[in-house]
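# Chain and residue survey
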Amino acid sequence: MSLKSFGAKIFASYITGKIKKWADHPIETQQKVFEKLIDAAQYTNFGNDHHFDKIKTHQDFVKHVPIRDYEALKPYVDKMVAGEADVLWPGKPLYFAKTSGTTSGVKYIPLTKDSMKTHPNSARNAILSYIAETGNTSFVDGKMIFLQGSPIMTEKNGIKLGRLSGIVAHYVPNYLQKNRLPSLETNCIEDWEHKVDKIVEETIDQDMTLIGGIPPWVQMYYERLIQKSGKTVGELFKNYQLFVYGGVNYEPYRRKLEDLIGRSVDSIELYPASEGFFAFQDSQTEKGMLLQLDNGIFYEFIKADEFFNENPTRITLKDVQLDVNYVMIISTTAGLWAYNIGDTVIFTSLKPYRVMVSGRIKHFISAFGEHVIGKEVEQAMLEASAGTDIKVTEFTVAPQVAPQSGLPYHEWMIEFENEGTGDLDAFAKALDTSLQAQNSYYFDLIEGKVLQPLKITRVAKDGFNEYMKSQGKLGGQNKIPRLSNDRKIADLLAVKQ
C-alpha cells in the first residue's frame, strides 16, 4: 500500500466519523443551521426587509419569507451584480456561478466564502465515504479526470464569474494536482467536441483509475477513446475502478456505458448544483444519497402535487415521509432564502436521511392531468429494456395533443444505438404498461380512452447532440430534459430525422 493510499484510509475514517455525528442527530443539526443562517443575515438588506429580527421558529420564517425562484429573487441579485454589499448575505460574494435561465436569461447564482468551501469538501467526502465503506484505495495512485466546464472566469464589478464546475476546478486539493487530468490548457477549451478530442489525446495512454462527469458527456468521451484506439475503455484503462457522476440519473445510461467499458465499475452519485451541494451517495449498498444537513443549507419540502396550490404547506425534515415526491426548498449561506431550485426529490431512507432526485417541477407532462414525472419515464425505460438487446442512446418525451388522426398520446423521441432483434411495437407496449403501473392518472386516461398508448419516434444518430449544439448547450453541465409539457424539443428533433 502506497503512502497516499494509507493516508486516504486514515482521512476517510476521520471524515466519516464526523459525518456520522451530524447524520445521527439530523433535526438538531438542521435547527442549528437555521439559527446560524438567520443570525448571520439579520442585518442584510434581505434580513431587514423580511424582519429576521422577529424570526425564532420555522413558523416565523414561513410567515415572513415567501418561496421564491430566481426571477423573484432577481432584484436582490441585480444589486449584488452591481457591486453592492450586504444584500442577501454579509459582504460580497466571492463568485457568481453563471447559468442559463428559462425566463430571466443569464442567471447569476452567488457563491460566498461560507458556501464555496462546501462544494469541494462534499465531493471529497463522497469519495472518502466510498473508501471507508469498501476499503478500496488503490485508485488514488492513478490518474483522475473530471469532465467539466472551462475554469476561465471573467469579472463583473470586482466579482469573478464563471461556470460552477470551472470555479470548483480552482479548488482541487494540492495532493490531487499531480494525478489530475486534463491539462489546464485543454480544460480551458470552450468548444466541447474539440475539448473532448484533446482530452482523448491526453488520457489515452495514461493509467486512468477514476473518471467523473455527467453520463451523456462521459459517453461521448468513451466513444471517442474507442474510435481512436479500437479498444474498449476497460482494455485501455486496466485499473479504471470508479465512476463519479451527477446531474442526471445514471441508470438509463449504465448499460450503454458498461458496454463501452467492457465491464462494470463502482460508481458514486453526487447531487451538486450552483445553488449548493445537497447530497452524495455514501453507500454502495443502500439506495439514495445522504442529504447534507451540516452544509450551511436549511431544507424545506412541499409535496409536489400541492406545490401549485395558493398556499402549499412547507414542512421541515422532521415531517417528511418515504416515497413522497417533494419540491425541495433551500436557504443557504450564499443568501438564497426559501429558494425553489426546481428539483423534486423522494426520500429513500429516514435513518439517515437519504434522497433520490425524481425530476424537475417544471419538467413534467400533464397536458391531460396525468402529471408524469422524470423518475417514471426513466423507470419505464429501464423495465422495458430489461432482458432485451435494445440499446438506447438518449430519449425525451412530449405530449402529442393534436395528432393528424386518432386520440392524443405521449410521443417518445428515442435515439437507438441498437434496436435489437425484438419487436419495437412490443417495446412500446412494455414502456406504456410500466408507465400505467407507476402513474394511476395515466392509467385512467388510457383506460378511459382519453389517450391512446404511447408512440415511439426514432431520432437519427447523434440527433440529440445536434439538438444540444444548436441550442449552444453541448457538453459541460448541460443535459437534455427527460420530458416536457410542450413540443418545443420534440418538434426540433423530429425535423432532424
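For the structure itself, look to the data block above.
Report follows, based on the coordinates. (Residues numbered from 1 in each chain as written. Predicted model: local features only at pLDDT ≥ 70, side-chain atom pairs only at ≥ 80, totals over all residues. Heavy atoms only, no water.)

## Re the overall build of the protein
Formally: Helix and strand assignments follow DSSP, with helices taken as H or I runs no shorter than four residues and strands as E runs no shorter than two, numbered in order from the N terminus. For the radius of gyration, the atoms used are the C-alpha atoms, and the globule rule reads 2.2 Å times the number of residues raised to 0.38. Exposure classes here rest on a 1.4 Å probe applied to the protein chains alone. A residue is buried below 20% of its type maximum, exposed above 50%, and partly exposed in between.
Across its full length, the protein carries 19 helices and 20 strands. Computed over C-alpha atoms, the radius of gyration of the protein comes to 23 Å, within 12% of the 23 Å expected from 2.2 N^0.38 for 497 residues, which places it in the range of a compact globule. Judged by the C-alpha coordinates and their principal axes, the protein covers about 65 × 60 × 45 Å. Counting every position in the protein, which comprises 497 residues, the buried fraction comes to 54%.

## Points about the layout of surface pockets
Quick note on the threshold: Put simply, the grid is 1 Å and covers the protein atoms alone, a cavity is a trapped set of points that fit a 1.4 Å probe, a pocket is an open set with protein on both sides within 12 Å along at least five of seven lines, and lining residues have an atom within 4 Å of a point. Grid points are joined across faces, edges and corners, and a volume is the space filled by probe spheres set on the points.
In this structure, the second largest pocket encloses a volume near 760 Å³. Around the second largest pocket, the lining comprises 26 residues; the ones closest to its centre are Trp22, Thr118, Asp294, Asn295 and Gly296. Among the secondary structure elements, those contributing two or more residues to the lining of the second largest pocket are α1 (3-23), α2 (26-40) and α7 (118-134). Looking at the lining of the second largest pocket element by element, the count peaks at seven residues for α2.

## A word on helix α14 (residues 251-261)
Convention followed: Here the arc refers to the directions that run from the helix axis out to each C-beta atom. Should any heavy atoms of two residues lie within 4.5 Å, those residues are counted as being in contact.
Regarding α14, the residues found buried are Pro252, Tyr253, Lys256, Leu257, Leu260 and Ile261. The buried residues of α14 occupy an angular sector of 140 degrees when projected down its axis, which confines them to one face. Contacts made by the buried residues of α14 are with α12 (215-229), α13 (233-236), β8 (242-246), α15 (374-385), β18 (391-400) and β19 (409-418).

## Overview of helix α5 (residues 70-81)
Stated formally: Here a helix's expected span is defined as the number of its residues, less one, multiplied by 1.5 Å. For the purposes of these results, a polar contact is taken to be a pair of N or O atoms within 3.5 Å, where, inside protein, one atom must be able to donate a hydrogen and its partner to accept one; residues adjacent in sequence count only when each atom of the pair is a side-chain atom.
Here α5 contains 12 residues, and its C-alpha end-to-end distance of 14 Å is more than 12% below the 16 Å for a straight helix at 1.5 Å per residue. Turning to α5, its buried residues number three or more, namely Tyr70, Leu73, Tyr76, Val77, Met80 and Val81. Along the long axis of α5, the arc covered by the buried residues comes to 145 degrees, so they all point the same way. Regarding α5, its N-cap is Asp69, as a side-chain oxygen of that residue lies 3.3 Å from the backbone nitrogen of Glu71 further along. After α5 finishes, the residue Gly83 shows a positive phi value of roughly 105 degrees.

## Things to note about the environment of Asn187
Turning to its location among the elements, Asn187 is positioned in helix α10 (residues 184-187). Setting aside residues up to four positions removed in sequence, Asn187 forms contacts with Gln148, Gly149, Ser150, Pro151, Arg180, Pro182 and Lys195.

## Things to note about the side chain of Gln400
Positionally, Gln400 belongs in strand β18. On the accessibility criterion, Gln400 (15% relative accessible area) is buried. For Gln400, the side chain forms a polar contact with the main-chain nitrogen of Ala402, separated by 3.3 Å. Those residues in contact with Gln400, other than ones at most four positions away along the chain, are Pro408, Tyr409, Glu411 and Arg487.

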